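A look at the structure
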Amino acid sequence: MKPCLFCSIINEKEAAIKVYEDDYCLAFMDIFPISDGHVLLIPKPHSEKLDDQDKNIQMHLYLTANEIIAAQRKAGFGKNGTHFLINDGIDTNQHIQHVHIHLIPRKKKDNLNFAYKIFMHFSGLFGFRSKEDKLENIASQIRENMVTTITDSPLLKKVS
């Protein structure tokens, strides 16, 4: 069985441009973004489906997604809308068998480009990989705007 890429990222065996991390989840930039600011949010415990996660982790993922979307908007990404897409199981064309949430900022009149790029994602072709310096710049903008209300827990910490 092929090792899970997302588990390798969590264990820092593979690189990723992190946006947020705590004891329960990790958010990082999609290297094949559908739009600028496209972030992937994953639970740290491995599972293919969201309902295989502990209910508290499920709830935590939604709260964290909300905070990331707020930070994306403050940074200028998806000010008027965001797609919240959950890849939950193999029938969702989940190319990496680890449940993950796409937080995809949208902008006016991007429908044709969005449709093309989402089709590429679903097909597994993905398109062109983004340059690392561009992704790091965007991640930095999002991180700078992460003012979370969920960090009241002593377990949680921001990525610096």
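Here, the structure is the one placed above.
What counts as what
Counting restarts for each chain, with residues numbered from 1 along the sequence as it is written. Under the rules for a predicted model, residues below a pLDDT of 70 receive no local features and side-chain atom pairs below 80 are neither given nor counted, while totals for whole chains, interfaces and linings still include all residues. Only heavy atoms go into the side-chain values, all of them from the structure, while hydrogens and water stay out. Put simply, buried Ala, Val, Leu, Ile, Met, Phe, Trp, Tyr and Cys residues joined by side-chain atoms within 4.5 Å make one nonpolar core. Here's how the labels work: a residue is buried when its accessible area is under 20% of the maximum for its type, exposed when over 50%, partly exposed in between, all with a 1.4 Å probe on protein chains only. Strands here mean DSSP runs of E at least two residues long; helices mean DSSP runs of H or I at least four residues long; both are numbered from the N terminus. The contact criterion used throughout is that any non-hydrogen atoms of two residues lie within 4.5 Å. Basic side-chain nitrogens of Lys or Arg form a salt bridge, by our definition, when they fall within 4 Å of a carboxyl oxygen of Asp or Glu. For the purpose of counting charges, residues Lys and Arg are taken to be positive, whereas Asp and Glu are taken to be negative. His and the chain ends are not included. Between N or O atoms, a polar contact is any pair within 3.5 Å; within protein, one atom must be a potential hydrogen donor and the other a potential acceptor, and residues adjacent in sequence are included only when both atoms are from side chains. A pair of strands is treated as paired once DSSP finds two or more bridges between them.

1. A few points about the nonpolar core
Within the largest apolar cluster, 25 residues are counted, with the highest numbers of intra-cluster contacts made by M29, V39, L41 and I142. For this core, the secondary-structure elements that each account for two or more residues are β1 (18–21), β2 (25–29), β3 (39–43), α2 (55–74), β5 (100–105) and α4 (132–144). Sort the elements by how many residues they give to this core and α2 lands first, with 6 residues. Apart from residues no more than four positions distant in its own chain, I142 is found in contact with V19, M29, G37, V39, A71, Q72, A75 and F77. Judged by nonpolar contacts, the second largest core, of 9 residues, contains C4, F6, I9 and I10.

2. Focus on the pattern of salt bridges
What the rule picks out here adds up to 5 salt bridges. Among the salt bridges present, the one from E21 reaches K18, with a minimum N-O distance of 3.0 Å. R143 is paired through a salt bridge with E136; the nearest N and O atoms lie 2.5 Å apart. Of the residues examined, R143 reaches a relative accessible area of 16% and is grouped as buried. For E136, a relative accessible area of 34% puts it in the partly exposed group. Residues joined by salt bridges that share partners form a network here, namely E12, K18, E21 and K44.

3. Concerning the side chain of D22
With respect to the helices and strands, the residue D22 is situated in the loop between β1 and β2. Although D22 is buried, it forms no salt bridge, and the closest oppositely charged side chain is K44 at an N-O distance of 6.0 Å. Among the polar contacts listed, one links the side chain of D22 to the backbone nitrogen of Y24, at a separation of 2.7 Å. A distance of 2.9 Å separates the side chain of D22 from the backbone nitrogen of C25, its partner in a polar contact.

4. Quick notes on the pairing of β5
Taken across its 6 residues, β5 has 6 buried, putting it largely inside the fold. Side-chain alternation along β5 places H100, H102 and I104 on one buried face and I101, L103 and P105 on a second face that is also buried. Looking at chain direction, β3 and β5 are connected through 3 bridges and run antiparallel. Bridging across to β5, L41 finds its partner in I101. Pairing geometry for strand β4 (residues 82–87) and β5, over 6 bridges, is antiparallel. Along β5, the bridge assignment pairs H83 with I104.

None of the figures reported here should be taken as evidence of function without further support.
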